[in-house]
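Here's the letter readout for the chains.
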Amino acid sequence: MSRFFITTPIYYINAEPHLGHAYTTMVADAVARAHRLMGDDVFFLTGTDEHGQKVERAAQKSGEGTVAFADRTAQKFRDLLPALNISNDDFIRTTEPRHFAASQALWRLVRDRGFIYKDRYQGWYCTVDEVFVPEKQLVEGRCPLCNSVVEKLEEESYFFRMSAFQQTLLAHYRQHPEFVTPDHRRNEMLAFLEAGLDDLSISRTSFTWGIPVPDDPAHVMYVWFDALTNYMTAVGYGSDAPEQQQRFAHYWPADVHLIGKEIVRQHAIYWPAFLLAAGLPLPKRIMSHGWWLMEGAKMSKSKGNVVRPQDYVQHFGLDAVRYFVFREMVFGQDANFADDAILTRYNADLANDFGNLASRATTMIHRSCGGVVPAPDAALLEREPERALRSTLDRVVPAVRALVEEFQLSAALREIWEVVAASNRYIVVREPWKLAKSGSAQELHTALFVAADTLRVIAELLRPFMPDTGERTLAMLGVTPSATAWVDLRAGTLAPGGTLGTTVPLFPRIEHSVEELRLMADDTTQGAVPQTPAPSAPAQAPAHAPAPAQAAIPATTEAPKIAIDDFMKVELRTAKVLTAERVPKSSKLLKLFVDTGIDQRTIVAGIAEAYEPESLVGRTIGIVFNLKPAKLMGIESNGMVLAASAEGQKPILISFGDNPPPPGSRIR
RNA sequence: GCCGGAGUAGCUCAGUUGGUGAGAGCACGCGUCUCAUAAGCGCGGGGUCGGCGGUUCGAAUCCGCCCUCCGGCACCA
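### Concerning the protein's contact with RNA strand B
If you check the shell around RNA strand B, you find 41 residues, and the closest are Thr24, Glu262, Arg265, Asn356 and Arg367. Counting only the atoms of RNA strand B that lie within 4 Å of the protein, the sugar and phosphate share comes to 70%. Within the contact set of RNA strand B, a base oxygen lies 3.3 Å away from a backbone nitrogen or oxygen of Arg509. For the surface near RNA strand B, the secondary structure elements donating two or more residues are helix 1 (19-37), helix 6 (183-194), helix 10 (264-278), helix 13 (339-369), helix 15 (409-430) and helix 16 (432-438). Considering every element that reaches the surface near RNA strand B, the biggest residue donor is helix 13, with eleven residues.

### Examining helix 1
Note that an α-helix has 3.6 residues per turn; residues three or four places apart therefore point the same way. Along its 19 residues, helix 1 runs 26 Å from first to last C-alpha, staying within 8% of the 27 Å computed at 1.5 Å per residue. Counted residue by residue, helix 1 has 17 buried out of 19 residues, so it is predominantly covered. Gly39 lies just past helix 1 and shows a positive phi near 90 degrees.

### Description of the sheet that holds strand 3 (residues 90-93)
Read across the open sheet, the six strands follow the order 3-2-1-12-13-7; overall the sheet is parallel. Every interior strand has two partners, whereas the edge strands, strand 3 and strand 7 (180-181), have only one. Of the strand pairs in this sheet, strand 2 (residues 41-49) and strand 3 are connected by four bridges, and their pairing is parallel. Its bridge partner lying in strand 3, Thr46 is registered against Phe91. Contacts between helix 1 and the sheet are confined to strand 1 (3-12), strand 2, strand 12 (256-260) and strand 13 (285-289), with strand 1 contributing the most and set at about 170 degrees to the helix.

### Looking at the side chain of Asp41
With respect to the helices and strands, Asp41 occurs in strand 2. Although Asp41 is buried, it makes no salt bridge; Arg3 carries the closest opposite charge, 6.7 Å away. Within the local environment of Asp41, its side chain forms a polar contact with the side chain of His250, the two groups lying 2.7 Å apart.

### Some points on the nonpolar core
Counting residues in each nonpolar core, the largest one holds 115 residues, and the members touching the most others are Trp417 and Trp486. Each residue touching Trp486, except ones within four places of it in the same chain, is listed here: Ala34, Leu37, Met38, Val400, Arg401, Val404, Glu460, Leu461 and Pro464. Core analysis: the next-biggest nonpolar cluster, separate from the first, contains 56 residues, Leu190, Ile211, Tyr231 and Ile269 among them.

### Structural notes on the pattern of salt bridges
On inspection of all chains with the given rule, the structure shows 28 salt bridges. Arg93 is the salt-bridge partner of Asp71, the closest N and O atoms lying 2.8 Å from each other. Of this pair, Asp71 sits in helix 3 (residues 66-83) while Arg93 sits in strand 3, placing them 22 residues apart in sequence. On the basis of relative accessibility, which here comes to 36%, the residue Asp71 falls in the partly exposed class. By relative accessible area, Arg93 is classed as buried at 15%.

### A closer look at the packing of helix 13 against helix 15
In the contact formed by helix 13 and helix 15, the axes pass within 10 Å of each other and the chain directions differ by 45 degrees. Comparing the axis directions of helix 13 and helix 15 gives the class oblique. Helix 15 is crossed by helix 13, and the crossing has left-handed handedness. Counting all contacts with helix 13, which are made through Asp349, Leu350, Asp353, Phe354, Leu357, Arg360 and Met364, the residues of helix 15 involved are Trp417, Val420, Ser423, Asn424, Ile427 and Val428. Residues that form the contact of helix 13 with helix 15 fall into these classes: eight nonpolar, two polar and three charged.

### Considerations on the packing of aromatic side chains
By the definition in use, this model includes 28 aromatic pairs. Relative to Phe337, the ring of Trp292 has its centre 5.6 Å away and its plane inclined at 80 degrees; by these criteria the two rings are edge-to-face. In this pair, Trp292 sits in strand 14 (residues 292-294) while Phe337 sits in the loop between strand 16 (335-336) and helix 13, placing the two residues 45 residues apart along the sequence. Of the two residues, Trp292 and Phe337, neither departs from the other in class, the shared state being buried. Every member of this aromatic cluster is reached through a ring pair, and the members are Phe5, Phe43, Tyr231, Tyr237, Phe248, Tyr251, Trp252 and Trp271. One cation-aromatic arrangement involves Arg204 over Tyr222; the distance from NZ or CZ to the ring centre is 4.0 Å. Across the ring face of Trp291, the terminal group of Lys261 is positioned such that the distance to the ring centre comes to 4.4 Å.

### Quick notes on the sheet that holds strand 10 (residues 212-213)
To summarise the sheet geometry, strands pair through backbone hydrogen bonds and adopt either a parallel or an antiparallel arrangement. Across the sheet, three strands lie side by side as 9-11-10; this open sheet has antiparallel pairing. The open sheet has two edge strands with one neighbour each: strand 9 (203-204) and strand 10. Bridge count for strand 9 against strand 11 (residues 216-221) is two bridges, and the pairing is antiparallel. Bridging across to strand 11, Ser203 finds its partner in Met221.

### Quick look at unusual backbone geometry
Of note, the bond from Thr181 into Pro182 is cis; its omega dihedral lies within 30 degrees of zero at 0 degrees. Mapped onto the elements of the fold, Pro182 is located in the loop between strand 7 and helix 6. For Asp215, which is not a glycine, the phi torsion comes out positive at approximately 65 degrees. Inspection of the secondary structure assignment puts Asp215 in the loop between strand 10 and strand 11.

### A word on the side chain of Thr454
Inspection of the secondary structure puts Thr454 in helix 17 (residues 441-462). Among the residues examined, Thr454 registers a relative accessible area of 2% and is labelled buried. Separated by 2.7 Å, the side chain of Thr454 and the backbone oxygen of Val450 make a polar contact. Ignoring any residue separated from it by four or fewer positions in sequence, one finds Thr454 in contact with Leu389, Leu393, Val419 and Ser423.

Conventions used here
Residues numbered from 1 in each chain as written. Chains lettered and ligands numbered in written order. Predicted model: local features only at pLDDT ≥ 70, side-chain atom pairs only at ≥ 80, totals over all residues. Heavy atoms only, no water. Near = heavy atom within 4 Å. Polar contact = N/O pair within 3.5 Å; in protein donor to acceptor, adjacent residues only side chain to side chain. Helix = DSSP H or I, 4+ residues; strand = E, 2+ residues; numbered from the N terminus. Expected span 1.5 Å × (residues − 1). Buried < 20%, exposed > 50% of the residue type's maximum accessible area, 1.4 Å probe, protein only. Pairing = 2+ DSSP bridges. Contact = heavy atoms within 4.5 Å. Axes fitted to C-alpha atoms, helices over the stretch in contact; angles between N-to-C directions. Lys, Arg positive; Asp, Glu negative; His and termini not counted. Salt bridge = Lys/Arg side-chain N within 4 Å of Asp/Glu carboxyl O. Core = buried A, V, L, I, M, F, W, Y, C linked by side-chain atoms within 4.5 Å. Parallel < 35°, antiparallel > 145°, perpendicular 65-115°, else oblique. Left-handed = near helix turned anticlockwise from the far one by under 90°. Nonpolar A, V, L, I, M, F, W, Y, C, P; charged D, E, K, R; others polar. Phe/Tyr/Trp six-rings, centres within 6.5 Å; stacked < 30°, edge-to-face > 60°. Lys NZ or Arg CZ within 6 Å of the ring centre and 35° of its normal.

Keep in mind these values describe shape, not function.
Given below as structure tokens:
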């Protein structure tokens, strides 16, 4: 069993989490899960980068303390993890004490070995943007960003003697061609190295939100020195505790730093230079992926085309989104995120090919074999379609393993779908429904066994990519998931005599366009907060209910019983409607302004089809008082109106009669 | 500007060291089964392989020039 330490970048908390962050984290998750299934001792790290002037300023602007701001914004990234079913082993924040200790330890080490010196940092400073502008970028002596006049400024700074490592790094690149992937990024880094390295300014005195430089607290470490060190902090670097030192010895160096292409240099040059200076081992691989483009354009806030993964998770379910991003992006290249592409992938690959296969294979065993895995006939297994299918598996399983190790998730899924297609073809050739009527029992049992056995291998192969789907498919087959299922994964290992679970539709076809789905979701869901997927709950209805008609009404009534305490967490109160108006471009939403007795607030409610706005003014309604705010059609809604909605019917508000209680009365 | 990628069917892309008549998926058309989520399976149409020129018995694949797009040299998954 080998050790596998994989990291994502730590995400800078100055931005909102978006598809880019989600993608990096999901890729790392899939690879980490695959290594666990292969029996490796995996450590999977992600976290947040919280220091620097940008954060300090954003915190000032927000009026919170810097610490409170960092806590709140870091939490947004942390919240993304369960929503994406991420199996990280640790979540590191650069503001944690352990990270201060590690960063300062690394600094001291590098300093004591003679690679840090103090000098003056001199440059052109733009007082408007508050940044140093490199001389080359000046436009006629003015700031290229805001066109204001820059001034020459000097600041005392510590410098890292990066220039000392050019030759060592070049040698390392030559000895380890796999160090930077993909190749064209490696070539870029080689070009950068050959051009020569400048020493790097690694401290600042112009702000204080950072890790103090040891023995000179007027300086804080400049962002990358502190940030990159996180990879060692999390495995125990800088700690005095013996068990932490052992952990560090065990897990360092990292096997993979997974990053986006925009931070290759920091990881492929700065970071190894720091480590060389400290005399510490270098990470084995820097793997960099491309960007997600929207309609061919880079995502950016100003273009308003930032993809929020939660929206798609809501429409298609988490596993479908994971499948899409893995399948669609060739590692290292940019890829397009298009609504119709994800819908096509969903219906063609997940619903038609795989979901339907799982459904037909298990249903036939329920019908013809009483839901028990039949025993195959050894001689019949040696006939042609069976042998061919088996050899497909023999080829695909190791291929998938190898591809995942190289982060070729798209190709790996393509291989798995070869098996899906082969399995569908096998069923057509053997026609078990005919065998059930007139064929021999041995032939029927063999065909159904092979179908189920193949499905089981597919389910195991899918687990890193779509953990929930893999386990639900195994549950349909009555197979208990094993933590190391990939160690000896092959055809013919499904145990005859096992009892199948219930067949459930894994990916119901979606007949609506994405635009329709989006409108429905906007009108019917009250929270933009992504659903936390129920981990391994095999027998339940689809956790993510992609069918939009079900969005307003739970598909089943099998909700577990709750205690009175749980109920009392929900503050139901009366409120009086002050104003009501239609939300433009929405067929179902009304914007209400209500008096809750405690405050006055806006609530958006999906009742426009049932009530005229005017009829509501002055009326007393029931609301959920302490619901998290959510944005619906761009309007922040603070609470939720209580109304009964029978399936297919318009909602009816809870009524308090002619003599209603005062606003703010608790409902229980 | 310098360096590096990419331009192949309507769409997204495979095509190692030049050589059986240029491929896959999706979409589209036709056929077919009925176990299955109106899913599956089979067949089919469609491409001057960015342009021009060259090397060669033979080039999408090598060379030169040109056009277009993208990236690195300068922040951001």
